[in-house]
Amino acid sequence: MTSKNILLAITGGISAYKSAILARLLIKNGHQVRVMMTPSACEFITPLTLQALTGNEVHTDLLDAQAEKGMGHIELAKWADLIVIAPASANTIGKLANGLADNLVTNVILATTAPVMLAPAMNQAMWGNAIVQDNLAKLARFGFTIIAPDSGEQACGDVGAGRLPEPETLCEQISQFLTIKNTAQTLAGKTVVITAGATLEPIDPVRYLSNHSTGKMGYALAKACVSAGAKVVLVAGVKVNLPTPLGVEKRTIGTADEMLQACLQVCEKADIFIATAAVADFKVANIATQKLKKTADNDGLTLHLVKNPDVLATISTTYPHLLTVGFAAETQDVENYAKGKLIAKNLDMIAVNDVSDKTIGFGSDDNAMTVFFASEYGLDKVNLAKMSKGNIAKSLVECIANLLK
Ligand SMILES: Cc1cc2nc3c(=O)[nH]c(=O)nc-3n(C[C@H](O)[C@H](O)[C@H](O)COP(=O)(O)O)c2cc1C
């Protein structure tokens, strides 16, 4: 990642302490970091802390006698390659949405031509307030990139959405944003639906059948597609425990039936469908309404399983306009099985890996794949040697963009 001038704007919220760690992480990633703070932010964390961490003077005043011509805000606005407001208070969001400029932060943001990312953080009721949401929608229309808040327990004791994501997540989303700016927009104007993770088939109210899929490959693809300019909808299993990539719309599902319904809905207006999810082939025929109990006279339990719908085949048949990409994880006769699936499910492309190799595939950060294409493309298979799932995803996006040509 090339070094950028990042201007970190801190506003008055309880999560302002996380900005100190964010500043450190950005510096660690090789960026130049300068900090500006609202007067209210200085009540939560001292400028001295940020000055010590960044090695740069922290800017808090609009009137800057030190600056050449006394216009520090214009110099800062010009210096920045990217401005990140984290945390962004409801108050500052409201001011920006209405073009107000009554302190250094709001002035710099009005004066800059650099892109602005903002990470709203506030109490869940404030976050749910229609005025705040309306202000954010307006800022998004003006080109601001909004980093979605996390959900969970809040400093005030409430539980809900509005928490500032952890600094590592913010840093990752900033890196992703800068990558997008440097990536060829080969999927610009396209909508991509990606399934990821494992489905979960209930046995009774507390037990389920599932598998080891973590969703890493699907999430890496979602990032790569966003970076290539696509609008991405991720249909992810409820067990996936990964931060939603920047700019991705996520739908969470449990069972294979729910995954199919979600995909049928979102694929109608999509261009590309990528199925990385490990969908259970079978579900329990009669889900017990009460928890199943061990009994003294019964040493076994027989579950009657019935076939689940085939999500990939159903989508490729229902929406023939889609470019469909399948994945296969096999333990034997990998190539033959993959080619059979490509034809049987009417796919444009299939990526297959050998999961008998424990250093790749499920849960691993690396993968190695072979990609096959439908015969009408007249393309040879592509071997992707062992590399990170992020790099595999980029290569797969190149393959997809090539098919679109
Ligand atoms: C203890 C405390 C915590 C606060 N936390 C937040 C917060 O997390 N998010 C928010 O939008 N406002 C929060 N506020 C309210 C803001 O500090 C207030 O709206 C302030 O005017 C924001 O100013 P600024 O946007 O110029 O930084 C908090 C206030 C107090 C007293």
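Residues numbered from 1 in each chain as written. Predicted model: local features only at pLDDT ≥ 70, side-chain atom pairs only at ≥ 80, totals over all residues. Heavy atoms only, no water.

**Quick word on the overall build of the chain**
Now for step 1: The helix and strand inventory of the chain stands at 14 helices and 19 strands.
Now for step 2: Expressed as lengths along the three principal axes of its C-alpha atoms, the size of the chain is roughly 80 × 60 × 35 Å.
Now for step 3: A total accessible area of about 19600 Å² is found for the chain, and carbon and sulfur atoms account for 51% of it.
Now for step 4: A gap of 1 Å separates the mean positions of the 35 positive and 37 negative side-chain charges of the chain. (Helix = DSSP H or I, 4+ residues; strand = E, 2+ residues; numbered from the N terminus. Areas by Shrake-Rupley, 256 points an atom, 1.4 Å probe, with all protein chains shown as cover. Lys, Arg positive; Asp, Glu negative; His and termini not counted. Charge placed at Lys NZ, Arg CZ, Asp CG, Glu CD.)

**Focus on the UniProt feature "transmembrane region" (unreviewed entry) in the chain**
Now for step 1: As annotated in UniProt, the feature "transmembrane region" (unreviewed entry) corresponds to residues 6–27 in the numbering used here.
Now for step 2: Taken end to end, residues 6–27 has its terminal C-alpha atoms 9 Å apart, with 50% of it in helix and 23% in strand. (UniProt positions renumbered as here; feature names shortened; annotations may be inferred.)

**Some words on the nonpolar core**
Now for step 1: Grouped together as the largest cluster of nonpolar side chains are 39 residues, with contacts concentrated most on Leu 187, Ile 274 and Leu 396.
Now for step 2: Elements supplying a minimum of two residues to this core: strand E8 (191–196), helix H10 (216–227), strand E11 (231–237), strand E13 (272–275), strand E16 (323–330), strand E17 (349–354), strand E18 (366–373) and helix H14 (389–404).
Now for step 3: Here Leu 187 is in contact with Val 192, Cys 225, Ala 228, Gly 229, Ala 230, Ile 272, Val 397, Ile 400, Ala 401 and Leu 404, once residues within four sequence places are set aside.
Now for step 4: Residues Ile 6, Ala 20, Ile 147 and Ile 174 belong to the second largest nonpolar core, which totals 30 residues. (Core = buried A, V, L, I, M, F, W, Y, C linked by side-chain atoms within 4.5 Å. Buried < 20%, exposed > 50% of the residue type's maximum accessible area, 1.4 Å probe, protein only. Contact = heavy atoms within 4.5 Å.)

**A closer look at H10**
Now for step 1: Across its 12 residues, H10 extends 17 Å between first and last C-alpha, which sits within 8% of the 16 Å expected from 1.5 Å per residue.
Now for step 2: For H10, a buried count of 10 out of 12 residues is recorded, marking the element as mostly surrounded by other parts of the structure.
Now for step 3: Along H10, the positions that sit buried rather than exposed are Met 217, Gly 218, Tyr 219, Ala 220, Leu 221, Ala 222, Ala 224, Cys 225, Val 226 and Ser 227.
Now for step 4: Among the residues trailing H10, Gly 229 stands out with phi positive, at a value near 100°. (Expected span 1.5 Å × (residues − 1).)

**A few points about the sheet that holds strand E19 (residues 382–388)**
Now for step 1: Read across the sheet, eight strands follow the order E12-E11-E8-E13-E16-E17-E18-E19 without closing on themselves; strand pairing throughout is mixed. Two strands close off the open sheet at either side, each with one partner strand: strand E12 (248–253) and E19. Adjacent strand axes in the sheet meet at a mean angle of 20° when their direction is disregarded.
Now for step 2: Alignment of E17 against E18, held across four bridges, turns out to be antiparallel. Across the sheet, Ala 351 pairs through a bridge with Val 371, a residue of E18. (Pairing = 2+ DSSP bridges. Axes fitted to C-alpha atoms, helices over the stretch in contact; angles between N-to-C directions.)

**Re the sheet that holds strand E5 (residues 145–146)**
Now for step 1: Ordered by their spatial adjacency, five strands build an open sheet running E2-E1-E3-E4-E5, and the pairing between neighbours is parallel. This sheet does not close on itself; its edge strands, each paired only once, are strand E2 (32–37) and E5.
Now for step 2: Here strand E4 (residues 116–120) pairs with E5 via two bridges, running parallel. In the sheet register, Leu 118 faces E5, and the bridge partner there is Ile 146.
Now for step 3: Sitting on the sheet, helix H4 (residues 72–79) touches strand E1 (5–10) and E2, and the angle it makes with E2 is about 140°.

**Considering the domain arrangement of the chain**
By a widely used convention, the size of an interface equals the accessible area lost when the partners come together.
Now for step 1: Domain assignment breaks the chain into domain 1 (5–182) and domain 2 (191–404).
Now for step 2: Domain 1 and domain 2 are separated by 36 Å when their C-alpha centres are compared.
Now for step 3: Each partner contributes to the interface: domain 1 provides 11 residues, whereas domain 2 provides seven residues.
Now for step 4: Each partner contributes to the roughly 700 Å² buried at the junction of domain 1 and domain 2, and carbon and sulfur atoms together form 59% of this total.
Now for step 5: The interface formed by domain 1 and domain 2 includes one salt bridge.
Now for step 6: With its nearest N and O atoms 2.5 Å apart, the salt bridge here joins Glu 172 to Lys 223.
Now for step 7: Remark: the boundary between domain 1 and domain 2 carries three residue pairs in polar contact (both at pLDDT 80 or more).
Now for step 8: Of all elements in the fold, only E5 and helix H9 (167–181) reach the threshold of two or more residues within the side of domain 1 that touches domain 2. (Domains from an automatic or database assignment. Buried area = accessible area lost by both parts, 1.4 Å probe. Salt bridge = Lys/Arg side-chain N within 4 Å of Asp/Glu carboxyl O. Polar contact = N/O pair within 3.5 Å; in protein donor to acceptor, adjacent residues only side chain to side chain.)

**Thoughts on the environment of Gln 332**
Now for step 1: Note on placement: Gln 332 falls in the loop between E16 and helix H13 (334–344).
Now for step 2: It is 32 Å that separates the C-alpha atoms of Gln 332 and Asp 271, two residues lying 61 residues apart in sequence.

**Side note on the site of the ligand**
Now for step 1: Contacts to the ligand come from 15 residues, most closely from Gly 12, Thr 38, Ser 89, Ala 90 and Thr 92.
Now for step 2: Note that an oxygen atom of the ligand is positioned 2.7 Å from one of the backbone N or O atoms of Gly 12.
Now for step 3: Between the ligand and Ser 89, the relevant distance is 2.5 Å, taken from an oxygen atom to a side-chain nitrogen or oxygen of the residue.
Now for step 4: A total of 650 Å² of accessible area belongs to the ligand in isolation, and the protein chains cover 63% of it.
Now for step 5: Its residues assigned to classes, the shell around the ligand comprises six nonpolar, nine polar and no charged. (Near = heavy atom within 4 Å. Nonpolar A, V, L, I, M, F, W, Y, C, P; charged D, E, K, R; others polar.)

**Remarks on the packing of aromatic side chains**
The relative placement of two aromatic rings is captured by the distance of their centres and the angle of their planes.
Now for step 1: The final tally for this structure, using the stated rule, is zero aromatic pairs.
Now for step 2: Stacked on the ring of Trp 79, the Lys or Arg Arg 34 has its end atom at 4.9 Å from the ring centre. (Phe/Tyr/Trp six-rings, centres within 6.5 Å; stacked < 30°, edge-to-face > 60°. Lys NZ or Arg CZ within 6 Å of the ring centre and 35° of its normal.)

**What to know about a nonpolar patch on the surface**
Now for step 1: Taken together, the side chains of Phe 282, Leu 301, Leu 303 and Leu 305 make up a nonpolar region of the molecular surface, amounting to roughly 350 Å² of accessible area.
Now for step 2: Along the chain, the position of Leu 305 falls in strand E15 (residues 305–307). (Patch = residues over 30% accessible without salt bridge, like charges linked within 9 Å, V, L, I, M, F, W, Y side chains within 5 Å.)

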